[in-house]
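Topology and contacts: notes
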Amino acid sequence: MRKPQLGVVMDPIAGINPAKDSSLAMLVEAQRRGYALWYFEQHDLRLRNGVAQGSARPLRVTDSKAAWFELGPREELPLSDLDLILMRKDPPFGTEYIYTTYLLERAERTGVLVVNKPQSLRDMNEKVYTAWFPECCPETVITRSIADMRAFLAEQGHIVVKPLHGMGGRSIFVLRQGDNNANVVFETLTDYGQQFAMAQKYIPEITRGDKRIILVDGKPVSRVLARVPAADDNRGNLVAGAQPEVRELTERDRWICAQVGPVLREKGVLFAGLDVIGDYLTEINVTSPTGMKELQKQGGLDVAATLFDTLDARLAERLAAGAAGGKARA
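A brief report on the enclosed structure follows.

Conventions adopted
Residues numbered from 1 in each chain as written. Predicted model: local features only at pLDDT ≥ 70, side-chain atom pairs only at ≥ 80, totals over all residues. Heavy atoms only, no water. Core = buried A, V, L, I, M, F, W, Y, C linked by side-chain atoms within 4.5 Å. Buried < 20%, exposed > 50% of the residue type's maximum accessible area, 1.4 Å probe, protein only. Helix = DSSP H or I, 4+ residues; strand = E, 2+ residues; numbered from the N terminus. Salt bridge = Lys/Arg side-chain N within 4 Å of Asp/Glu carboxyl O. Phe/Tyr/Trp six-rings, centres within 6.5 Å; stacked < 30°, edge-to-face > 60°. Lys NZ or Arg CZ within 6 Å of the ring centre and 35° of its normal.

1. Points about the nonpolar core
Core analysis: the biggest nonpolar cluster contains 39 residues, and F40, L79, I85, L264, L274, L281 and I284 have the highest contact counts within it. Counting residues per element, the ones that place at least two in this core are β2 (36-40), β4 (51-61), β7 (84-88), α2 (95-109), β13 (210-216), α6 (251-266), β17 (271-277) and β18 (280-285). If you look at the next biggest cluster of nonpolar residues, it comprises 36 residues, including I13, L27, Y39 and L307.

2. Quick word on the pattern of salt bridges
Two side chains carrying opposite charge are able to pair once their charged atoms lie near each other. Applying the stated rule across the entire model yields 22 salt bridges. Between D63 and K293 there is a salt bridge, with the nearest N and O atoms lying 2.7 Å from each other. With a gap of 230 residues between them, D63 in the loop between β4 and β5 (69-71) and K293 in helix α7 (residues 292-299) connect regions that are remote in the sequence. Judged by its relative accessible area of 12%, K293 falls in the buried class. A salt bridge links R265 to D217, with the nearest nitrogen and oxygen atoms 3.1 Å apart. Pair noted here: R265 is in helix α6 and D217 is in the loop between β13 and β14 (219-220), with a separation of 48 residues, a long-range link. The exposure class of R265 is partly exposed, given its relative accessible area of 43%. Residue D217 is classed as buried on the basis of its relative accessible area, which comes to 13%. Three or more residues joined by partner-sharing salt bridges are found here, namely E29, R32, R33, D309 and D312.

3. What about the packing of aromatic side chains?
This model, assessed by the stated rule, comprises 4 aromatic pairs. Ring plane angle 50 degrees and centroid distance 5.9 Å describe the contact between W68 and F69, whose orientation is recorded as tilted. Residue classification places W68 among the buried positions, given a relative accessible area of 11%. Among the aromatic side chains, those forming a connected cluster through ring pairs are Y129, W132 and F133. In this structure, R144 is placed above the aromatic ring of F196, and the distance from its NZ or CZ to the ring centre is 5.8 Å. It is R252 that lies over the ring of Y280; its NZ or CZ is 5.9 Å from the centre.

Spelled out as structure tokens, the structure:
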């Protein structure tokens, strides 16, 4: 019986932290379920006459901190040979990332299940897309104008300012009215008015943690991962030194998920991470959300298994539809 074929597009696997990496958790679960794994980096992909192709390496993984992967020799294959592709390339979200989504969309048109949907990866900037749910969010402005930033700081008195394309707490600044560094922060993040940046009202509950709520197929898993900043830092990011703490969802958390989750599901985002501080949604992470390992270690939740229950069901539906009418081609 043919094994289901899974391709993963990611940053170099040799450079990940196996103790924390959610992509590795997904791959270990897929391998356990009998998937054949194929490894790609962005430079391994190409289009030839509209056909998505890749230079793939067979991959074996283990849940180990010492030797977590083994790669075989390269093979050239059309991406249409795959059943499932996980797009797990980390931000920054730049032009090359967008080009990769075009290529993956060509594979999707042949019937491959791409997670998350390439068009939605293009459409849903992780910070800007919160604007589709203003009722869930703190006071927010997205602008290139330094004057707008100054006015927002004067209005709110205490704000957070950040770029639109980063991750892991990079270049996030907290400012109070009267801070002499405000102008240089605004100038730096907007490149003197040449690029958009985001400012949000400061939420004091950040001291209790930035909550990561994982959604699978639009529904939240049963617990959240709170990332509690260090005493000398404002950033609720694990890579910035925040400490993980597993908690129950609040009623407000569930309400936010009920607003956002169905929209993501409709748009083909099967795995997402909502960032919630206090009662407010601050980001919608769709590129390469993390938190699986911490939720399993501290909360006993096997999120990778939950995800692959959904993916297996989706692939079974496609197989049944293909048996009835043939695999879609474009």
